[in-house]
Protein chains: 2
Amino acid sequence: MDRAKLPKIEKMPADVRALGVLRGRIIDGSIPAGSRLTEVQISDEMGLSRATVRTALHQLAQEGLVSLVPYTGWTVVKLSRQDIWELYTLRGAVERLAASLTAASAEPAQMAEVQQAFDALEIACERKNPNEIAEADFGFHKAVVDASGHSRLRAQYGLIEHQIRVYIRSSDALIADSKEILDQHRPILEAILSRNSTLAGELSEDHNLREGQKLTVSVPLA
Amino acid sequence: MDRAKLPKIEKMPADVRALGVLRGRIIDGSIPAGSRLTEVQISDEMGLSRATVRTALHQLAQEGLVSLVPYTGWTVVKLSRQDIWELYTLRGAVERLAASLTAASAEPAQMAEVQQAFDALEIACERKNPNEIAEADFGFHKAVVDASGHSRLRAQYGLIEHQIRVYIRSSDALIADSKEILDQHRPILEAILSRNSTLAGELSEDHNLREGQKLTVSVPLA
DNA sequence: AAAAGGGCTATTGTCGACAATAGCCCTTTT
DNA sequence: AAAAGGGCTATTGTCGACAATAGCCCTTTT
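The rules behind these values
Every chain is numbered on its own, with residues counted from 1 as its sequence reads. Each chain is given a letter, starting from A, and each ligand a number, starting from 1, according to the order in which they appear as written. This being a predicted model, a pLDDT of at least 70 is required before a residue's local features are given, and a value of 80 or more before pairs of side-chain atoms are given or counted; all residues contribute to the totals for chains, interfaces and linings. Remark: hydrogens and water are excluded; side-chain values derive from all non-hydrogen atoms of the structure. Stacked, edge-to-face and tilted are the three classes for Phe, Tyr and Trp ring pairs, Trp counted by its six-membered ring, which pair at centre distances within 6.5 Å; planes under 30 degrees apart are stacked, over 60 edge-to-face, the rest tilted. For the purposes of this entry, the term helix denotes a DSSP run of H or I that reaches at least four residues, the term strand denotes a run of E that reaches at least two, and both are numbered from the N terminus. Think of it in three bands: with a 1.4 Å probe and only protein chains considered, a residue is buried below 20% of the maximum accessible area for its type, exposed above 50%, and partly exposed in between. In this scheme, Lys NZ or Arg CZ marks a charge over a ring once it lies within 6 Å of the ring centre and within 35 degrees of the ring normal. Note on definitions: angles span 0 to 180 degrees between N-to-C directions of axes, and those axes are lines fitted to C-alpha atoms, for helices only across the stretch in contact. Should an angle lie under 35 degrees it is considered roughly parallel, over 145 roughly antiparallel, and from 65 to 115 roughly perpendicular; all remaining angles are considered oblique. Note on convention: near helix rotated counterclockwise from far helix by under a right angle means a left-handed crossing. Clockwise means right-handed. By definition, residues are in contact when any of their heavy atoms lie within 4.5 Å. Under the scheme applied here, ten amino acids are nonpolar (Ala, Val, Leu, Ile, Met, Phe, Trp, Tyr, Cys and Pro), four are charged (Asp, Glu, Lys and Arg), and all others, including Gly, are polar. Here a residue is near a molecule or strand as soon as one of its heavy atoms is found within 4 Å of it. Here a polar contact means two N or O atoms within 3.5 Å. Within protein one must be a hydrogen donor candidate and the other an acceptor candidate, and residues neighboring in sequence count only if both atoms are side-chain atoms. A domain assignment, automatic or from a database, supplies the domain bounds used here. Summed over both partners, the accessible area lost on bringing two parts together, with a 1.4 Å probe, is the buried area. Put simply, a salt bridge is a Lys or Arg side-chain nitrogen that is within 4 Å of an Asp or Glu carboxyl oxygen. At least two bridges found by DSSP between two strands are what make those strands a pair.

Chemist: Describe in detail the packing of aromatic side chains, supporting the description with residues and values.
Modeler: Residue and element names in this part refer to chain A. Taken as a whole and assessed by the stated rule, the structure comprises two aromatic pairs over all chains. A centroid spacing of 5.9 Å and a plane angle of 70 degrees characterise the contact between phenylalanine 118 and phenylalanine 140, whose relative ring orientation is edge-to-face. Remark: phenylalanine 140 occurs in helix H6 (residues 130-147) and phenylalanine 118 occurs in helix H5 (residues 108-127); sequence separation between them is 22 residues. Each of the two residues, phenylalanine 118 as well as phenylalanine 140, counts as buried. Here arginine 165 stacks its cationic end above the ring of phenylalanine 138, 4.2 Å away from the centre of that ring.

Below is the structure:
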């Protein structure tokens, strides 16, 4: 009896689902920076208990997206100039290590994924859709980090990425000169493919510092 | 009516206290790696509710000291060779950034703290007490990170440090050749004091990679 | 004897209720 | 009018109970 495979039913813990929803709303801006969140309201709306929502909020706090003032309330973080600087310098350090590890010792399969992520970026740049470009840009960086085979680096990168996404969306800072974007990423790809570990690391760090610089000067903040 | 100031009464949330106690026990080895932890037992012993203990355990999981298998239980993590490698490469990347930032732009007061931490390390080395040396060693690294004025770097460093401490204690890997320890740290201090940002970063990273190497080869792991 | 199946137990997952607290607002005092 | 004080309200902090689940163990089937 041959038939199409049934779709896998998603069975996720309630707190993880709540986390995903909240994070999505914060990143896409439908819950703006500076908003207050209350456990009761969220749990009512989602039909979950406060304990569950609370777990999700604590996780979001770990990710740096919300902050808790004891006995008072949760607020969605507002990123200052200093925060953006911190995020990009930190991402620079993380990606420096990731790129140099990947260049030094990634398996061919992982290398192929990095190459593929770059190809996707090229295609996105041709289409000139800013959102798509931004996604592909994130995708390339993530591919390099994933290829490093360093689980803590991946976890760390995830946290930073969430926060950067919040900022990028909230500031609409999608500076998408597609030509320049490709020119900035190509050398990194080449250094990695040619197994030049030192260069790959340096280029990655420089790229991040430049990006961070650009964002902090171009977009004034509270 | 002049009198000695009364000592400040510590008023901490219960979950924070539980977290501190558990972390301390894991780090000092009285709860060994691989142990199972159950929420009920802990909450009974501490006289707290499960919810409170659970919050603390989740935090410990974030710090990488325990891990949760759904509907099954919590266990204290056992660090593998790969984990040690990850910790030291990651710490290398974090400290590279910290040292170069500190060298580039720390205030005199912060510089003085770094100097002071090094002096403490010198004194500890003279006394040849392994535990004291290890503490002063951690202290120096922490001082450099603190001086960088980068809050996310500090937070990140804290997490890594906890995990390294677990490993160092559990393996008794306190390789304390006091002469060598000073020789390894002095150039870092000097590069920072002379505001040589690039060199400070490089030396810090190298130092960590060497340490990590030493620990992974000298101590066989499960 | 081996395999399959089902129930049991230990444990986390989720819930709703009450306790503790921060900070506003109103009243009282000076 | 300004300052001090106290109560009120909104919110998180903490609790104990019940639900859901994983995985072991015993029984049954082959």
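Now that the structure has been shown, we can carry on.
Chemist: How would you explain the packing of helix H1 (residues 14-27) of chain B against helix H3 (residues 50-62) of chain B if you had to name every residue and give the values?
Modeler: All names here are of chain B. Look at H1 against H3: their axes get within 8 Å of each other, and the N-to-C directions meet at 50 degrees. On the basis of their axis angle, the class for H1 and H3 is oblique. When the axes of H1 and H3 are compared, the crossing they make is right-handed. Residues Ala14, Asp15, Ala18, Leu19, Leu22, Arg23 and Ile26 of H1 lie in contact with H3, whose contacting residues are Thr52, Thr55, Ala56, Leu57, Gln59 and Leu60. The residue makeup of the contact of H1 with H3, split by class, is eight nonpolar, three polar and two charged.

Chemist: Requested: an account of the protein's contact with DNA strand C, with residues and values cited.
Modeler: Among the 25 residues in the neighbourhood of DNA strand C, the closest are listed as A:Ala14, A:Ser49, A:Thr52, B:Arg50 and B:Arg54. Sugar plus phosphate, as a fraction of atoms of DNA strand C within 4 Å of the protein: 69%. A distance of 3.0 Å separates a phosphate oxygen of DNA strand C from a polar atom in the side chain of A:Thr52. Take B:Glu39: an N or O atom from its main chain is 3.2 Å from a phosphate oxygen of DNA strand C. Within the residue set of the surface near DNA strand C, elements represented by two or more residues are helix H1 (14-27) and helix H3 (50-62) of chain A together with strand E1 (36-37), helix H2 (39-46), H3 and strand E3 (73-76) of chain B. Broken down by element, the residue count for the surface near DNA strand C peaks at three residues, all from H3(A).

Chemist: Which residues make up the domain arrangement of chain A, and what values do they have?
Modeler: Residues and elements named next belong to chain A. Along its sequence, chain A is organised into domain 1 (14-76) and domain 2 (81-218). Centre-to-centre separation of domain 1 and domain 2, based on C-alpha positions: 28 Å. Facing seven residues of domain 1, the contacting portion of domain 2 comprises six residues. For the pair domain 1 and domain 2, the summed buried surface comes to about 620 Å²; carbon and sulfur atoms form 71% of the total. Together, Ile27, Glu63 and Leu65 form the three largest contributors to the area buried by domain 1 at its contact with domain 2, with a combined 66%. At the boundary of domain 1 with domain 2, the tally comes to two residue pairs in polar contact (both at pLDDT 80 or more). With three residues, the single largest contributor to the side of domain 1 that touches domain 2 is H1.

Chemist: A description of the pattern of salt bridges should follow, citing residues and the corresponding values.
Modeler: If you walk through the whole model with that rule in mind, you get 32 salt bridges over all chains. A salt bridge links A:Glu211 to A:Lys214; the nearest nitrogen and oxygen atoms lie 3.3 Å apart. Separated by three residues within a single helix, A:Glu211 and A:Lys214 lie in helix H9 (residues 197-218), roughly one turn from each other. Here B:Arg186 makes a salt bridge to B:Glu122, at a shortest N to O gap of 3.9 Å. Taken together, the residues span a long stretch of sequence, with B:Arg186 in helix H8 (residues 178-193) and B:Glu122 in helix H5 (residues 108-127) at a distance of 64 residues. Assessed through its relative accessible area of 28%, B:Arg186 is described here as partly exposed. Relative accessible area serves as the criterion here: at 28%, B:Glu122 is assigned to the partly exposed category. The network of salt bridges with shared partners includes A:Glu122, A:Lys179, A:Asp183 and A:Arg186.

Chemist: Quick rundown of the sheet that holds strand E1 (residues 36-37) of chain A? Include the residues and the values.
Modeler: Residue and element names in this part refer to chain A. Judged by pairing direction, the sheet is antiparallel, and its three strands sit side by side in the order E1-E3-E2 without closing on themselves. The outermost strands of the open sheet, each flanked by one partner alone, are E1 and strand E2 (66-69). Summarising the sheet, E2 and strand E3 (residues 73-76) pair through four bridges and their orientation is antiparallel. Residue pairing across strands places serine 67 opposite threonine 75, the latter belonging to E3. The strands touched by H3 are E1, E2 and E3; relative to E2, the strand with the most contacts, the crossing angle is about 115 degrees.

Chemist: Can you tell me about the interface of chain B and chain A, naming the residues and giving the values?
Modeler: Contact residues are listed per partner, giving 23 residues for chain B and 23 residues for chain A. Of the roughly 2,000 Å² buried between chain B and chain A, counting both surfaces, carbon and sulfur atoms make up 52%. Ranking the residues of chain B by area buried against chain A places B:Gln62, B:Glu86 and B:Arg152 at the top, with a combined share of 30%. At the surface where chain B touches chain A, the tally comes to four salt bridges. For the salt bridge of A:Asp83 with B:Arg152, the shortest nitrogen-to-oxygen distance reads 2.9 Å. Counting across the chain B and chain A interface gives 17 residue pairs in polar contact (both at pLDDT 80 or more). At the level of secondary structure, the elements contributing two or more residues to the side of chain B that touches chain A comprise H3, helix H4 (81-105) and helix H7 (151-171) of chain B. Tallying contributions element by element places H4(B) first for the side of chain B that touches chain A, with eleven residues.

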